[in-house]
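Below, each chain spelled out in residue letters.
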Amino acid sequence: RVSSPKFAKNLRWLTRKIEHEIGPLRLVGDDQSLDSFNVLMTLKSNQYAQSGLTDVLRPTWVKTFMRDLFESRDTNFRGCLVTLYAGDKIIAGQFGVRQGDWFHPWIASTCTESLAFSPGIIFLSEAIQQCDTYGVKAMDIINPNFVACL
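The notes below deal with the structure included here. (Residues numbered from 1 in each chain as written. Predicted model: local features only at pLDDT ≥ 70, side-chain atom pairs only at ≥ 80, totals over all residues. Heavy atoms only, no water.)

## Focus on the packing of aromatic side chains
Point 1. Going through the model one piece at a time under the given rule, you end up with 4 aromatic pairs.
Point 2. Relative to Trp 106, the ring of Phe 65 lies with its centre 6.1 Å away and its plane at 20°, an arrangement referred to as stacked. Taken together, the residues Phe 65 in helix 3 (residues 60-71) and Trp 106 in strand 4 (residues 102-110) connect sequence positions 41 residues apart.
Point 3. A residue is classified by how much of its surface remains accessible, and Phe 65, at 41% relative accessible area, is partly exposed.
Point 4. Judged by relative accessible area, Trp 106 falls into the partly exposed class, the value being 37%. (Phe/Tyr/Trp six-rings, centres within 6.5 Å; stacked < 30°, edge-to-face > 60°. Helix = DSSP H or I, 4+ residues; strand = E, 2+ residues; numbered from the N terminus. Buried < 20%, exposed > 50% of the residue type's maximum accessible area, 1.4 Å probe, protein only.)

Here it is in structure tokens:
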């Protein structure tokens, strides 16, 4: 807020607007729901299709690898899914690897129906603010608006 007051104000406005029009926001850190995982993978595949890019999630071996990683409960190295809901609908999420308290997202996607609300940036803000609640101390993010040390 100190370095970018206009950005912070806009983010608060977007958050209030999405909560008013869709429903209350709820971040699920380390979401272990297979349904949520499948929703995020579908959102990402749809995003690839709409953009004309190659769907890197399409090959069977990739799907199997991602699901096996998601289903692993190894505390040293496993998949981690973080999702953001507005009401009862996933509007954004990230899936990647987690080693201890370190999270490195690989796959990020948003619901196209909520794009007017900038769900990706709201997701990042919520994920960073709440990372302690799901045991993450370091999150690899590449976004010029978020230069933070967790």
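Here the narrative resumes.
## Observations concerning the nonpolar core
Point 1. Ranked by size, the top nonpolar core spans 22 residues in total, and within it Leu 84, Ile 122, Phe 123 and Tyr 134 carry the most contacts.
Point 2. At the level of secondary structure, the elements contributing two or more residues to this core comprise helix 1 (5-21), strand 1 (25-28), strand 2 (78-86), strand 3 (89-99) and helix 4 (119-129).
Point 3. Here this core gets 5 residues from one element, more than from any other, and that element is helix 4.
Point 4. Once residues within four sequence positions are removed from consideration, Ile 122 is found in contact with Leu 11, Leu 14, Thr 15, Ile 18, Leu 25, Leu 84 and Phe 117.
Point 5. Leu 40, Met 41, Leu 57 and Val 97 belong to the second largest nonpolar core, which has 13 residues in total. (Core = buried A, V, L, I, M, F, W, Y, C linked by side-chain atoms within 4.5 Å. Contact = heavy atoms within 4.5 Å.)

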